[in-house]
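Fold and geometry: a report
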Amino acid sequence: MEDEPANDPTDEMLMQRLAAGDETALAPLMGRWELPLKRFLYRLLLDPHEAEDVALETCVRLFQRRETYRAGARFAPWILTIAANLARNRRRWWRRHPAVSLDERAPGAREDTSGWEPTDPAAGPAERAQRHEAAAAVRAAVAALPHELREIVVLAEYEERPQAEIAANLGCTTKAVEMRLYRARERLRRTLGPA
């Protein structure tokens, strides 16, 4: 029996097809990236509606800029850079148009975004509850970080991107990423206490 996922084209292959004019490559690409983009953007923007909105805007930008994609380039850093830039633009817009304060966007009573997170079906109810509680504490601590530190943590820890790639995405040096990540981790250790 042949394994179907092995036959699936990679993100890079789909993007190359899209860049070459094959618009049918967009649907499977966005199907793969819808939840990862929403998770990434929610961690940056702390608002599920804004995360969905910016994820959709990211897909539109990806389509608009499809011809600028370099053959052979990795797709994940490319789309995450677009999403991170749009998130930064959205935060700048919030600062210039403060109809809702940024403090009100902090985590608290908000819609359930648990469907965006992977779960372990083998875990029992008590273990799932404990994991959910610990994850909520970590999310709140990360959300309390200043945006420039939160962005580094999300890219390094949640998205597992290498520091050199983060530096290229953010337009800074690898040493700056390293220092910001160190400061962010220290703040998180102080907030969360010993592991």
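This is a predicted model, so every value here is computed, not measured. (Residues numbered from 1 in each chain as written. Predicted model: local features only at pLDDT ≥ 70, side-chain atom pairs only at ≥ 80, totals over all residues. Heavy atoms only, no water.)

A word on the pattern of salt bridges
Under the convention used in this document: Just to be clear on terms, a salt bridge is a Lys or Arg side-chain nitrogen sitting within 4 Å of an Asp or Glu carboxyl oxygen. Numbering of helices and strands starts at the N terminus; helices are DSSP runs of H or I of at least 4 residues and strands are runs of E of at least 2. Here the term buried applies to any residue with accessible area under 20% of the maximum for its type, exposed to any over 50%, and partly exposed to those in between, with areas from a 1.4 Å probe on protein chains only.
Going through the model one piece at a time under the given rule, you end up with 14 salt bridges. Close ionic contact of aspartate 11 with arginine 32 constitutes a salt bridge, the shortest N to O distance being 2.8 Å. Of the two residues, aspartate 11 is situated in helix α2 (residues 11–19) and arginine 32 in helix α3 (residues 26–45); the sequence distance between them amounts to 21 residues. For arginine 88, the salt bridge goes to glutamate 151, with nearest N and O atoms at 3.0 Å. Highlighted residues: arginine 88 in helix α5 (residues 75–96) and glutamate 151 in helix α7 (residues 147–158), separated in sequence by 63 residues. Both residues of the pair, arginine 88 and glutamate 151, count as buried. Several salt bridges share partner residues, and in doing so they unite Glu50, Asp53, Glu57, Arg61 and Arg90 into one network.

Points about the side chain of arginine 150
The condition that has to hold: Charge assignment in this entry is limited to Lys and Arg as positive and Asp and Glu as negative, and neither His nor the chain termini are counted. By the convention used here, residues are in contact when the closest approach between their heavy atoms is within 4.5 Å.
With respect to the helices, strands and loops of the structure, arginine 150 is situated in helix α7. For the buried arginine 150, no salt bridge exists, and the shortest N-O distance to an oppositely charged side chain is 8.0 Å, to glutamate 148. Discounting residues that sit within four places of it in the chain, arginine 150 has contacts with Arg43, Leu44, Leu45, Leu46, Arg91, Val142, Ala143 and Leu145.

Re the nonpolar core
Using the following cut-off: The criterion is simple. A nonpolar core is a set of buried Ala, Val, Leu, Ile, Met, Phe, Trp, Tyr and Cys residues joined through side-chain atoms within 4.5 Å.
Counting 46 residues, the largest nonpolar core has Phe40 and Leu41 as the members making the most contacts within it. Only α2, α3, α4 (48–64), α5, α6 (125–143), α7, α8 (163–170) and α9 (174–192) provide two or more residues apiece to this core. A total of ten residues in this core trace back to one element, the largest contributor, which is α5. When residues no more than four places from it in sequence are discounted, the contact partners of leucine 41 are Leu46, Ala51, Val54, Ala55, Thr58, Ala83 and Ala87.

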